[in-house]
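# Coordinate inspection notes
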Amino acid sequence: MEPSSPSPAPALQLHRLTKNFGANRVLKGIDLELRPGRVTALLGANGAGKSTLIKVLAGVHDQTAGEVRVDGQAVEYGTPMAAARLGIRTVHQRIDDAIVPGLSVAENLLFEEIALGEVARVASLNSLLPRARQVAATLELDWDDAFLKQDVYELGIADCQMLLLARALSTTPKVLILDEPTSTLSQSEALRLFSIVKRLRERGVAILYVSHRLSEINSLADDLAVLRDGRIVNRQELPFDLGAAVASMLGDAVRSDVAAFEELTGSGTVLSIRDLRVFEHSEPIDLDIAGGEVTGIIGLIGAGKTELAETIFGARKRGAGSMLLEGRAYAPGNPKAAISAGVYLVPEDRAAQGMLPGWSLARTFSLPFLSDFVSGGVLRTTKERSRTRRAIEDFAIVTTGAEQTVDALSGGNQQKVMVARWMQRRPRVLVLDEPFRGVDIGARRVLSQRAREQAEAGSAVVMICSDVDEVREMADRIIVMVEGRVTLDARARDISNDQIVQSMTEVA
Amino acid sequence: MADTTAIPAPVRVSALDRARDIVVKYGFLAVTVIAFVFFAVTEPAFASSNSLFSMLKFASVTAILGLGVMFSMIVGGLDLSIGSVAGLGVQLAAMTMVFYNLTAGTAVVAVLVAGLIVGLLNAFLIVVCKIPDLLATLGMMFVIQGMKMIPVAGQSVSSGMIMPNGSSAPGKFDPVFLMIDRGSLGPIPVPVLIMLVLVVACWFVLTRTSWGRILYAIGANPEAARLAGIRVGLHRGAAYVISSLFASVAGIILVSRIGQGDVNAGASSLLEAVAVALVGTSVLGANKPNAWGTLLGAVLVVIVLTGMTMMGFEYYYQDTAKGLVVIVALLFSFTLSRKKVRYAPAT
């Protein structure tokens, strides 16, 4: 057990590492050192390049340029197995990719040894058990033979996570990469994981720990690196200034405190939410959303923003809690019920949740309100096209016309179609989930203008995002969420960006 | 607003791509016409109006089955039980008249009700029990094929037969019932009429009503459809009910044609129906299942089969010919087309 000296030689070193996908450069020159006996936390927003970086380290992708050095030696490894042989082990976030259903727990634990032929080609399940017990013991997992023999399908998510960790630790690694290991774990399971991580640190393993949970980073990490747009933009050692870390993760936006619109002050509550639990175990929240203004809900990943939006829209089973829409009980069982009540949602992933491959603007536009286009039992395509043309003009959609397919448009123009179609009727509540994702500045301006006009006309517009600059651009009132709770609720003009960031990173 | 009229730079389309688009769009139609002309020239009897109508009549059962299975394809699935539902209709109609001595009208109603029940069962298995549609309807196919053997002890039902209990059957095929296949309205045989009415009805529903739009939306992206307020399960279920009902109609025409409750009837028609619906997907560059395309597919299959028979090919060449027709049609959609094909069955 070596004490961690101030600067032992790095176990893994990245030097000007870049990675391109086609013409798109995702990693733009990463310099990073992982030292033995230290936990380095990696923080980054969606799209910052975290997954790509992890995949390069894990041997899933080759780097485009730059060097990976292990113990000071430049190495090339193109496959996950080669990485493992060098002592670099990764536990990926998606356990589905690594667990083999249909095999026993023991076979899953020894999967790599089986795949490499290190186990006899013909082996009974019983003959694998001693080695499996040995591997499980490295994590002090008290798994008996009956447990090891059962189908891995029977295991809960937490046990799967432990299994994968045990698999990664079947030989003591030099470098261990953990990608959001606690995202699926309960509190007590997470605590167990932390004690394992601490023990590995004492044994001199260099650990890269990716997480969005700042409380974990604070209690676990020795070093901190922030990734933004393919570069490391902030490095810290204990004690951390997490506010500064999050500010650098979210970008320059945080420096400009000015909102460039006439504030709307609302016209009374449209939607009231009472005792709603966003997650099963989160504390209940109360919210009153007013018409006649834009309410911005901001939070990091896992804050429960999308879950809240889907609950309001009836797209997700509501747990405990109740809602009132303009004073009347509102409990939509499905999106259709929400739409009939005048509650609309523009979902966060337009390709997966909004667009229909091969469909024209006109057809996409009319879909939520088909009955408006029917007369005498017949769908009136002329009306469909003329209404779509009006939306094209209102939203300045760049297109060859109502008959062009939505797939052919740029991201910003696709998003305009997604938003415009919900404004053809006057919404009571319009929820925009990440409306600016993959949207250029020009389209962004148009979208926020139209959304604010809709609010001015009396609708309750709710805008959800994870970027301070974006929420500033649209919202009159800002609500900050952390892990299902509301940590700040204020008029946008009354609060600074620092306050927002601080509330976003508030530790439970 | 001047700046809104700015149009994205047009994608450059090479002459080769343009030629390919034309081939994709009209290629299959051309194949049909060429096949027709070829047979008409080599076999003068082929193109007589008599033989034209008998070909259409021949095509009607497959076309109606194809129209039904088309609905399941539109919502992104595939109904494998249609052949057995048609066979069930054949036997049920025969039993109603021969075993129970009831009228043609009762027989028709009984068959349609049976189709409705099977459709609802399929919908229940697929939508409520969440069994993948291919597997649910595959299971249903075997259940129906097996169950219908039980009351007839595996025998075909015909007028005057000895019933499983030893007595001779009290009833016979109602002459009115036999007229479904043999009758005609002016020069147009009744089955052809039924087929045309159904084609036009399907075309209208699918392209001119909101329900058709909803079905295509479910097939294109069920999650986007759900978030646009569509009750996806309800409409998917309805598509399977339609599929079964159409199969029952096909069964009625089939039993009226063969005049007995053949236990094996309908079994082979599943693949043919799927084939013509797939051919229909490829026709005129539609790239999605559609009513007129399905009709054209059925007609082409019949042209090829009739032509081959007239040229003296034995019946056992027919399956090979059908298979080739399907593959050629799919080449137009999947291989040559630059557009993505919209028919993608759930895996």
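In every chain, residue numbers begin from 1 and rise along the written sequence. Throughout, the order in which chains and ligands are written sets their labels, letters from A for the former and numbers from 1 for the latter. Reporting in this predicted model follows two pLDDT cut-offs: at least 70 for local features of residues, and 80 or more for side-chain atom pairs to be given and counted; totals over whole chains, interfaces and linings ignore these cut-offs and use all residues. Excluding hydrogens and water, the side-chain values take into account all heavy atoms of the structure.

### A look at the overall build of chain B
- Elements are defined by DSSP. Helices are runs of H or I of four residues or more, strands are runs of E of two residues or more, and each kind is numbered from the N terminus. Check the secondary structure of chain B and you find 13 helices and two strands.
- Within these notes, the globule rule equals 2.2 Å times the number of residues to the 0.38 power, and the radius of gyration is based on C-alpha atoms. A globule of 347 residues ought to have a C-alpha radius of gyration of about 20 Å, and chain B, at 22 Å, matches this closely.
- Overall, chain B is about 85 × 55 × 35 Å in size when its C-alpha atoms are taken along their principal axes.
- Burial status follows relative accessibility: with a 1.4 Å probe on protein chains alone, a residue under 20% of its type maximum counts as buried, one over 50% as exposed, and anything between as partly exposed. In chain B, buried positions account for 48% of the 347 residues.
- Of the roughly 15400 Å² of accessible surface on chain B, a fraction of 71% belongs to carbon and sulfur atoms. Computed with a 1.4 Å probe, the accessible areas rest on the Shrake-Rupley method; for each residue, only the protein chains presented here act as cover.

### Things to note about a nonpolar patch on the surface
- A surface patch of nonpolar side chains, amounting to about 680 Å² of accessible area, comprises B:Phe38, B:Met311, B:Phe313, B:Tyr315, B:Tyr316 and B:Tyr317.
- Relative to the assigned elements, B:Met311 resides in the loop between α12 (291-310) and α13 (318-336). A residue counts toward a patch only above 30% relative accessible area and without a salt bridge, and it is joined to like-charged neighbours within 9 Å or, for Val, Leu, Ile, Met, Phe, Trp and Tyr, to nonpolar neighbours within 5 Å. Throughout this description, the term salt bridge denotes a Lys or Arg side-chain nitrogen within 4 Å of a carboxyl oxygen of Asp or Glu.

### Notes on the confidence of the model for chain A
- Think of pLDDT as the predictor's per-residue confidence, scored from 0 to 100. Averaged over all residues, the pLDDT of chain A is 86; the fraction at 70 or higher stands at 95%.
- Low pLDDT, under 50, characterises residues 1-5 of chain A; the predicted model gives this stretch three contacts beyond four residues in sequence or across chains. Any pair of residues with heavy atoms lying within 4.5 Å of one another is described as a contacting pair.

### Overview of the nonpolar core
- Residues A:Leu109, A:Trp143, A:Leu176 and A:Leu308 are the most contacted members of the largest nonpolar core, which totals 136 residues.
- Among the elements that make up this core, the one with the highest residue count is helix α7 (residues 157-168) of chain A (eight residues).
- Every residue in contact with A:Leu308, bar those within four places of it in the chain, is listed here: A:Ile273, A:Leu276, A:Val278, A:Ile285, A:Leu287, A:Ile297 and A:Met481.
- Grouped together as the second largest cluster of nonpolar side chains are 104 residues, B:Leu178, B:Val263, B:Val304 and B:Met308 included. Remark: nonpolar core denotes a set of buried residues (Ala, Val, Leu, Ile, Met, Phe, Trp, Tyr, Cys) joined through side-chain atoms within 4.5 Å.

### Remarks on the packing of helix α7 (residues 190-208) of chain B against α12(B)
Residue and element names in this part refer to chain B.
- Between α7 and α12, the shortest axis-to-axis distance is 8 Å and the interhelical angle comes to 150°. Relative to α12, α7 is oriented roughly antiparallel. Contacts between α7 and α12 involve Met195, Leu196, Val199, Val200, Cys202 and Trp203 from the first element and Ala291, Trp292 and Leu295 from the second.
- Polarity classes work like this: nonpolar for Ala, Val, Leu, Ile, Met, Phe, Trp, Tyr, Cys and Pro, charged for Asp, Glu, Lys and Arg, and polar for all others, with Gly in that last group. Grouping the constituent residues of the contact of α7 with α12 by class yields nine nonpolar, no polar and no charged. Interaxial angles span 0 to 180 degrees and are taken between N-to-C directions of axes, which are lines fitted to C-alpha atoms, for helices over the stretch in contact. Put simply, angles under 35 degrees are roughly parallel, angles over 145 are roughly antiparallel, angles from 65 to 115 are roughly perpendicular, and the rest are oblique.

### Description of the sheet that holds strand β22 (residues 485-491) of chain A
All names here are of chain A.
- A sheet is described by the order of its strands in space; here six strands give the open sequence β16-β19-β20-β13-β21-β22, paired in mixed fashion. Of all strands in the sheet, those bounded by a partner on one side alone are β16 (343-346) and β22. Strand-to-strand, the axes of this sheet are offset by a mean angle of 15°, without reference to chain direction.
- Between any two strands, at least two bridges found by DSSP are needed for them to pair. With four bridges joining them, strand β13 (residues 293-298) and strand β21 (residues 477-482) adopt parallel strand pairing. Looking at β21, one finds that Ile298 is bridged to Val480.
- Running over the sheet, helix α19 (residues 497-504) touches β13, β21 and β22 and is turned about 25° from β21.

### Comments concerning the packing of aromatic side chains
- A pair of aromatic rings is counted whenever rings of Phe, Tyr or Trp (Trp by its six-membered ring) have centres within 6.5 Å, and the orientation is called stacked for planes under 30 degrees apart, edge-to-face for over 60 and tilted otherwise. All told, the structure shown has 14 aromatic pairs over all chains when counted by the stated rule.
- Where B:Tyr315 meets B:Tyr316, the ring centres are 5.4 Å apart and the plane angle is 75°; that geometry is what we call edge-to-face. No difference in accessibility class separates B:Tyr315 from B:Tyr316, as the two residues are exposed.
- Two limits define a charge over a ring: the Lys NZ or Arg CZ must be within 6 Å of the ring centre, and within 35 degrees of the ring normal. Of note, A:Arg363 hangs over the ring of A:Trp359, and the distance from its end group to the ring centre comes to 4.5 Å.
- Geometry around B:Tyr216 places B:Lys288 over its ring, the cationic atom sitting 5.1 Å from the centre.

### Things to note about the packing of helix α16 (residues 411-420) of chain A against helix α17 (residues 441-456) of chain A
Residues and elements named next belong to chain A.
- In the contact formed by α16 and α17, the axes pass within 9 Å of each other and the chain directions differ by 15°. The angle between α16 and α17 falls in the class roughly parallel. As for the relative orientation of α16 and α17, their crossing is right-handed in sense. When α16 is examined against α17, the residues Gly412, Gln415, Lys416 and Val419 are found in contact with a partner set consisting of Ala443, Val446 and Leu447.
- Here the residues of the contact of α16 with α17 are counted per class, giving four nonpolar, two polar and one charged. Left-handed describes a crossing in which the near helix is turned anticlockwise from the far one by less than a right angle; the clockwise case is right-handed.

### A word on the sheet that holds strand β10 (residues 231-237) of chain A
Residues and elements named next belong to chain A.
- The six strands lie next to each other as β6-β7-β8-β3-β9-β10, forming an open sheet whose pairing is mixed. Both outer strands of the open sheet, β6 (88-91) and β10, are each paired with one neighbouring strand and no more. Taking the axes of each pair of neighbouring strands and ignoring which way they run, one obtains an average angle of 20° across the sheet.
- Examined bridge by bridge, strand β3 (residues 39-44) and strand β8 (residues 206-210) share four bridges and lie parallel to one another. Residue pairing across strands places Thr40 opposite Leu208, the latter belonging to β8.
- Along the sheet, helix α1 (residues 50-58) contacts β3, β6, β7 (175-179), β8 and β9 (223-228); its crossing angle with β3, the most-contacted strand, is approximately 140°.
- Contacting β3, β9 and β10, helix α10 (residues 242-250) crosses the sheet at an angle of about 20° to β9.

### A word on the interface of chain A and chain B
- Listed per partner, the contact involves 34 residues of chain A and 25 residues of chain B.
- When two parts are brought into contact, each loses some accessible area as probed by a 1.4 Å sphere; the total of that loss over both is the buried area. Summing both sides of the interface, chain A and chain B together bury roughly 2500 Å²; the carbon and sulfur share of this comes to 63%.
- If you look at where chain A meets chain B, you find one salt bridge.
- A salt bridge links A:Glu384 to B:Arg213; the nearest nitrogen and oxygen atoms lie 2.7 Å apart.
- For this analysis, a polar contact is any N or O atom pair within 3.5 Å, provided that within protein one partner can donate a hydrogen and the other can accept it, and provided that sequence-adjacent residues contribute only side-chain to side-chain pairs. Summed over the shared surface of chain A and chain B, the result is five residue pairs in polar contact (both at pLDDT 80 or more).
- For the side of chain A that touches chain B, the secondary structure elements donating two or more residues are α12 (335-340), α13 (350-353), α14 (361-366), β18 (378-379) and α15 (381-394) of chain A.
- In the side of chain A that touches chain B, the residues fall into 21 nonpolar, nine polar and four charged.

### Some points on α10(A)
Residue and element names in this part refer to chain A.
- Most of α10 sits inside the fold, with seven of its nine residues counted as buried.
- Inspection of α10 places Leu242, Ala245, Val246, Ala247, Ser248, Met249 and Leu250 among the buried residues, and these make up the whole buried set.
- For α10, the secondary structure elements touched by its buried residues are β3, α9 (214-220), β9, β10, α18 (468-474) and α19.

### Quick look at the environment of A:Lys28
Residues and elements named next belong to chain A.
- Locating Lys28 in the fold gives a position in strand β2 (residues 24-34).
- Under the relative-accessibility criterion, Lys28 is labelled partly exposed at 26%.
- On a C-alpha basis, the gap between Lys28 and Arg16 in space is 7.7 Å, while along the polypeptide they are twelve residues apart.
- If near-sequence neighbours (up to four positions away) are discounted, Lys28 is found in contact with Leu17, Thr18, Asp229, Gly230 and Arg231.
- Engagement of the side chain of Lys28 in a polar contact is seen with the side chain of Asp229, the distance being 2.9 Å.

### A closer look at the pairing of β3(A)
All names here are of chain A.
- With six of its six residues buried, β3 lies for the most part within the structure.
- Here β3 shows no split at all, with Val39, Ala41 and Leu43 on one side and Thr40, Leu42 and Gly44 on the other all buried.
- As paired elements, β3 and β9 share five bridges and run parallel to each other. If you follow Gly44 over to β9, its bridge partner there is Leu227.

### With respect to the environment of B:Gly66
Residue and element names in this part refer to chain B.
- Relative to the helices and strands, Gly66 resides in helix α2 (residues 49-74).
- Sequence separation of Gly66 and Val279 is 213 residues, and the distance between their C-alpha atoms is 10.0 Å.
- For Gly66, the contacting residues outside a window of four places in its chain are Ala273, Val276, Ala277 and Thr294.

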